[in-house]
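Take a look at the letters that make up each chain.
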Number of protein chains: 2
Amino acid sequence: MEKRLLLTPGPTMVPPEVAAAEAQPIIHHRAPEFDPIFMRVQEGLQYVFQTKNPVVILASSGTGAMECALTGVCSPGDKVICIEGGKFGERWGEIAKAFGMNPIREAVEWGTSVQPDRIKELLEENPDAKAVCITHCETSTGVLTDVKAIADVVSKTDALLLVDAVSSLGAEELRMDEWKVDMVVTGSQKALMLPPGLAFVALSQRAIERSQKATCASYYFSLKKYLKNLEKKTTPYTPAISLILALEKSLEMIKKEGLENIWARHAKLSSAIQAGVQALGLKIYSQVASHVVTPIWVPEGIEGKAIPKKLRDKYGVTIAGGQAQLEGKIIRIATLGYATLFDATTGICALEIVLKELGYKFEEGAGIRAALKVFMEK
Amino acid sequence: MEKRLLLTPGPTMVPPEVAAAEAQPIIHHRAPEFDPIFMRVQEGLQYVFQTKNPVVILASSGTGAMECALTGVCSPGDKVICIEGGKFGERWGEIAKAFGMNPIREAVEWGTSVQPDRIKELLEENPDAKAVCITHCETSTGVLTDVKAIADVVSKTDALLLVDAVSSLGAEELRMDEWKVDMVVTGSQKALMLPPGLAFVALSQRAIERSQKATCASYYFSLKKYLKNLEKKTTPYTPAISLILALEKSLEMIKKEGLENIWARHAKLSSAIQAGVQALGLKIYSQVASHVVTPIWVPEGIEGKAIPKKLRDKYGVTIAGGQAQLEGKIIRIATLGYATLFDATTGICALEIVLKELGYKFEEGAGIRAALKVFMEK
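### Quick word on the domain arrangement of chain A
Residues and elements named next belong to chain A. According to the domain assignment, chain A consists of domain 1 (5-9 + 258-376) and domain 2 (16-257). Here domain 1 and domain 2 have C-alpha centroids that lie 28 Å from each other. Taken together, the contact between domain 1 and domain 2 spans 26 residues of the former and 26 residues of the latter. Looking at which element gives the most residues to the side of domain 1 that touches domain 2, the answer is helix α11 (residues 259-279), with five residues.

### Observations concerning the relation of the copies chain A and chain B
For the pair chain A and chain B, the best superposition has an RMSD of 0.0 Å and corresponds to a rotation of 180 degrees with a translation of 0.0 Å parallel to the axis. The transformation just described matches what one would write down for a two-fold rotation axis. Residue A:Ser60, judged by its C-alpha, is the member of chain A lying nearest the rotation axis, at 2.5 Å. Of all interface residues in chain A, 100% are interface residues in chain B too; the two copies therefore contact each other through one and the same surface.

### What to know about the sheet that holds strand β5 (residues 131-135) of chain A
All names here are of chain A. Here seven strands make up an open sheet; going across it, the order is β2-β10-β9-β8-β5-β3-β4 and the pairing mixed. Pairing within the sheet leaves two strands with one partner each, and these edge strands are β2 (55-59) and β4 (102-107). On average, each strand axis in the sheet is inclined to that of its neighbour by 20 degrees, with strand direction left out of account. In terms of strand pairing, strand β3 (residues 79-84) meets β4 through six bridges, oriented parallel. Across the sheet, Ile81 pairs through a bridge with Ile104, a residue of β4.

### Let's talk about unusual backbone geometry
Residues and elements named next belong to chain A. Residue Pro11 follows Gly10 across a cis peptide bond; omega there is 0 degrees. The backbone of Lys233 sits at a positive phi, close to 60 degrees, despite the residue not being glycine. Among the structural elements, Lys233 can be located in the loop between α9 (223-231) and α10 (241-257). Lys233 gets classed as partly exposed once you count the C-beta atoms within 10 Å, which come to 13.

### Focus on the packing of helix α5 (residues 116-125) of chain A against helix α6 (residues 147-154) of chain A
Residue and element names in this part refer to chain A. Orientation of α5 relative to α6, taken along the N-to-C sense of each, is 25 degrees, at an axis distance of 9 Å. Judged on the interaxial angle alone, α6 and α5 are roughly parallel. Of the two elements, α5 crosses α6, and the hand of that crossing is right-handed. Residues Pro116, Ile119 and Lys120 of α5 pack against Ala149, Ile150, Val153 and Val154 of α6. Classifying every residue of the contact of α5 with α6 by side-chain character gives six nonpolar, no polar and one charged.

### Section: the pairing of strand β14 (residues 330-333) of chain B
Residues and elements named next belong to chain B. The two faces of β14 match: Ile330 and Arg332 on one face and Ile331 and Ile333 on the other face are all buried. Where strand β13 (residues 320-321) lies against β14, two bridges are found, and the strand directions are antiparallel. Directly across from Gly321, in β14, lies its bridge partner Ile331.

### Some remarks on the nonpolar core
Residues A:Met183, A:Phe200, B:Met183 and B:Phe200 are the most contacted members of the largest nonpolar core, which totals 262 residues. Beyond its immediate chain neighbours, meaning those up to four positions away, B:Met183 contacts B:Ala69, B:Val73, B:Leu160, B:Leu162, B:Val163, B:Val201, B:Ala202, B:Leu203 and B:Ala207.

### Notes on the interface of chain A and chain B
Taken together, the contact between chain A and chain B spans 42 residues of the former and 42 residues of the latter. Among the elements of the structure, α1 (16-22), α3 (62-73), α4 (89-98) and α10 of chain A are those that each provide at least two residues to the side of chain A that touches chain B. Looking at the side of chain A that touches chain B residue by residue, the classes come out as 24 nonpolar, 13 polar and five charged.

### Let's talk about the packing of helix α2 (residues 34-49) of chain A against α10(A)
Residue and element names in this part refer to chain A. Packing of α2 against α10 brings their axes to within 9 Å, and their N-to-C directions diverge by 45 degrees. Here α2 lies oblique to α10, going by the angle between them. α2 and α10 meet at a crossing whose hand is left-handed. Contacts between α2 and α10 involve Ile37, Arg40, Val41, Gly44, Leu45, Tyr47 and Val48 from the former and Ile244, Leu245, Leu247, Glu248, Leu251, Ile254 and Lys255 from the latter. A per-class count over the contact of α2 with α10 returns 10 nonpolar, one polar and three charged.

### Overview of the sheet that holds strand β5 (residues 131-135) of chain B
Residue and element names in this part refer to chain B. A sheet is described by the order of its strands in space; here seven strands give the open sequence β2-β10-β9-β8-β5-β3-β4, paired in mixed fashion. Each having just a single partner strand, β2 (55-59) and β4 (102-107) make up the two edges of the open sheet. Within this sheet the neighbouring strands show an average axis-to-axis angle of 20 degrees, counted without direction. Inspection of the sheet shows strand β9 (residues 183-187) paired to strand β10 (residues 198-203) by five bridges, in the antiparallel sense. Bridge assignment links Thr186 to a residue of β10, and that residue is Phe200. Sheet strands in contact with helix α6 (residues 147-154) are β5 and β8 (160-164), and its direction is about 160 degrees off that of β8.

### Re the pairing of strand β9 (residues 183-187) of chain A
All names here are of chain A. Burial analysis of β9 places five of its five residues in the buried class, which makes it a mostly covered element. Along β9, one buried face is formed by Met183, Val185 and Gly187 and the opposite face, lined by Val184 and Thr186, is buried too. The sheet contact formed by strand β8 (residues 160-164) and β9 spans three bridges and is parallel. Across the sheet, residue Val163 finds its bridge partner in β9, namely Val184.

### What about α2(A)?
Residues and elements named next belong to chain A. The end-to-end C-alpha distance of α2 is 22 Å, a good match for the 22 Å that 16 residues give at a rise of 1.5 Å each. For α2, every residue scored as buried is listed here: Val41, Gly44, Leu45, Val48 and Phe49. An end-on view of α2 places all buried positions within 130 degrees of arc, on one side of the element. Among the exposed residues of α2, those pointing more than 90 degrees away from its buried face are Pro36, Met39 and Glu43. The inward-facing, buried residues of α2 contact β2, α7 (176-179), β9, β10 (198-203), α10 and α11. Residue Gln50 follows α2 closely and has a positive phi angle near 55 degrees.

Reading guide: rules and limits
Within each chain, residues carry numbers counting from 1 in the order of the written sequence. As a convention, the first chain written is A and the first ligand written is 1, with the rest following in written order. The predicted origin of the model limits local features to residues at a pLDDT of at least 70 and limits the giving and counting of side-chain atom pairs to 80 or more, whereas totals for whole chains, interfaces and linings rest on all residues. Segmentation of the chain into domains, including their bounds, is taken from an automatic or database domain assignment. We call two residues in contact if the C-beta atoms placed from their backbones are at most 7 Å apart. Per the convention used, a helix needs a DSSP run of H or I reaching at least four residues, while a strand needs a run of E reaching at least two, with both numbered from the N terminus. To line up the copies, we fit them by least squares on C-alpha atoms, keeping just the residues with pLDDT of at least 70 in both. For two strands to pair, DSSP has to find at least two bridges joining them. The axes are straight lines fitted to the C-alpha atoms, using for helices just the contacting stretch, and the angles between their N-to-C directions are given from 0 to 180°. Here a residue counts as buried when 20 or more other C-beta atoms fall within 10 Å of its C-beta, as exposed when 12 or fewer do, and as partly exposed in between; the C-beta atoms come from the backbone. Angles below 35 degrees are treated as roughly parallel, those above 145 as roughly antiparallel, those between 65 and 115 as roughly perpendicular, and all remaining angles as oblique. Crossings are assigned a handedness: left-handed for a near helix turned anticlockwise from the far helix by less than a right angle, right-handed for a clockwise turn. Gly is placed with the polar residues, together with every amino acid not listed as nonpolar (Ala, Val, Leu, Ile, Met, Phe, Trp, Tyr, Cys and Pro) or charged (Asp, Glu, Lys and Arg). The term nonpolar core refers to a set of buried Ala, Val, Leu, Ile, Met, Phe, Trp, Tyr and Cys residues connected through C-beta atoms within 7 Å. The span you would expect from a helix comes to 1.5 Å times its residue count less one. Arc definition: directions from the helix axis to the C-beta atoms.

Have a look at this one:
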């Protein structure tokens, strides 16, 4: 018998009660019974985003929300500063280019994060920049960016700050209104504990105002249209109803646990993973590790893709490998969303077993002992 | 106790086995266990679209598929003939305009369908037109358009034929390859018996070739990117996994029943609805009624919105009202997707009860007798 465990940075595991909510009979989204659900979902999203402003709900992946956000507040020809320190950071620049903006693409060494001072310099060099686009947690490298400090810089200028929080929202502290972040986008299949298929755009008053003047080509992702429909408590096109029913349930669970507690849980679980792998002699890849996903160098002498393959095929534990230039070079273990301390310990136990089978030399049990220690100490 | 019945032209009812498939544990879309599911889904979609070519799967509503299709084969400045005979037909022209094309917007009187000869004239008047966009079943009016005859005209020219079959695919006969239709788009929440959240674009070889030269601004809906990823049996962005698991199940059910049988079932059920309402003295709104949805004039003296409201609030039966200029003037009853003869009879029974309560005069039982007759005769 096999129980499957998903320790990937998205899609993540869906709680059974959320899956059950998703499987409820379909109700019509233009019927009055949908209204209170939509309202509760709005309130729950505002809590998760830590904003008082409305949150746009899209039927799309997180990339769709990035497109909706950027094309929704910028126009062709606009100068946009895009920070690229990984596969997902590059997406901002690609979207800007696809819609005729003028992206200033700032490459950041993979594994490191952009510094607020550098953002300041970039804004001084480009005083006409309309937006700064960053990635909260760069899922491909596990790096966390200091959104609060960057928001402090950007909010003093005319540029809007757009944050890709697709993998981080609900896992890492992010206080949108308090920190003065203009736009935050996320997807459903991460800390929100849902299947993929929903994406979200939260925005500041400044961003709402800017959206009225934006002229990028858009139809399905027209931010203006979504904002207008939000006033009528609806969406311009048919929403992904079953996923919204599931979202209602997951937001209820998030509210019950409390956002601060959830952030602390993610910190604890990822600390245990980090302690565990380091006690096995493995090295963490990123300089600024997030609590979303732990990137780990594949030890010398071990075939890079063998670890995730064996974990998955033999033990039912799915972790992620490296992407793009990191393919075969790192593994990534996430305890994101619906994950408990025993999912973290199972991850380390499974890793020890597989590393042993692959011939890696280490003190058996050292990893899980170090992981447990994180949970045992106050 | 109340059992709820959804007799709307989308979203439609989801079979319990499909809902159960949707609630399965999430598997990772980049893991090998997803591959056979993706392959089976491709095969099933090719069957439903009646095409040998690959079918693009999007996480979006049907409107997203329309955008993906049109922007995927046309470029800014391109002349595009858009046939507008209802709320959804207008969408083609709106998308064309939003992306800088030059739409020739041909208004067709609501309730009627465009004639193939008129398409021929339009193409003669506009020999440089790059595409003709039509609506198979215009959900807002219930009108069916003769796709086969129009394809016969368009396929002899250089223009591509794009068909919005969002509400019709799987309910009405549509043989894409045989009829030489270039692009067909649909959504999940209609005859495919799924929740909303997935959309599809099927395309001819001609359309695939044209897609390589198209230059509209696009990123999430980049048709080129989806086609390229289809070769690797994947999607460029995270797919809506739970809905694809559900789709696998619904396609299995569709294959088992057989497309011809499903078309015949939809014809039979809508004939029963039409016979029932006409026996009650009500009039059908559209001149060319589809089997997707039956649009019915609200009888004089009855408040237009009272019928759907009472049906839903008192009896748990949801039908649709009129949209846009038809708001309050018609009601629309659909037996679309997961619907049996007893859903049709329940619809007529409920309608009789509610019409009686609203003071409409008719021979009690005449409607259901006429509906039953459709099922009783060979």
